[in-house]
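Close look at the chain arrangement
Below, each chain spelled out in residue letters.
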Amino acid sequence: MVEIKEAQEEICNKFGVDYYPTPSYLLVGITLSVKGSKIMPINGLRHNPEGNTTGWYIWAGEEYSEDPDFFVPLHVEHLEEWCPELIKYLALPPGFRFLIGENGYVDVWMDESLL
């Protein structure tokens, strides 16, 4: 757990933002295509947390859907099994997005429209 926190703090420092923890008992919205998938890119966006959610929505591929069944709830603690490389981005604050592409490509940016 300490290693994850350090990796998350490193990402936050790299992008000059405050560390905004994502407790492991809370939920993310995620698509089944992320689990063990080789589909790229992996996209994430964070709204303000609400109830038992982190505010994170994560999907694989170019397409995003408004279909209410597009995302399934998953506790943060299970992301290690699904897609461990994205965990280090989950301490970015609400309003942030990330994109993990092929060949080590990563983009992180603030999207005010999410707030």
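To start, this report covers the structure provided alongside it. Only a predicted model underlies this, so the values are computations on that prediction, with no experimental measurement involved.

This paragraph deals with the overall build of the protein chain. Across its full length, the protein chain holds two helices and six strands. Traced from its N-terminal end to its C-terminal end, the protein chain shows the element sequence α-β-β-β-β-α-β-β. Here the C-alpha atoms of the protein chain give a radius of gyration of 13 Å, agreeing with the 13 Å that 2.2 N^0.38 yields for 115 residues. Reported as C-alpha extents along the three principal axes, the dimensions of the protein chain are approximately 35 × 35 × 30 Å. Out of the 115 residues belonging to the protein chain, those deemed buried represent 43%.

The subject of this paragraph is the sheet that holds strand β2 (residues 42-46). Read from one edge of the open sheet, six strands run β4-β1-β3-β2-β5-β6, paired in mixed fashion. Both outer strands of the open sheet, β4 (72-75) and β6 (106-110), are each paired with one neighbouring strand and no more. Sheet twist, expressed as the mean angle between neighbouring strand axes with direction ignored, is 20 degrees. Where strand β1 (residues 27-30) meets strand β3 (residues 53-60), three bridges bridge the pair, whose relative direction is parallel. Residue pairing across strands places G29 opposite Y57, the latter belonging to β3.

Procedures and definitions
- Residues numbered from 1 in each chain as written.
- Predicted model: local features only at pLDDT ≥ 70, side-chain atom pairs only at ≥ 80, totals over all residues.
- Heavy atoms only, no water.
- Helix = DSSP H or I, 4+ residues; strand = E, 2+ residues; numbered from the N terminus.
- Rg over C-alpha atoms; globule rule 2.2 N^0.38 Å.
- Buried < 20%, exposed > 50% of the residue type's maximum accessible area, 1.4 Å probe, protein only.
- Pairing = 2+ DSSP bridges.
- Axes fitted to C-alpha atoms, helices over the stretch in contact; angles between N-to-C directions.

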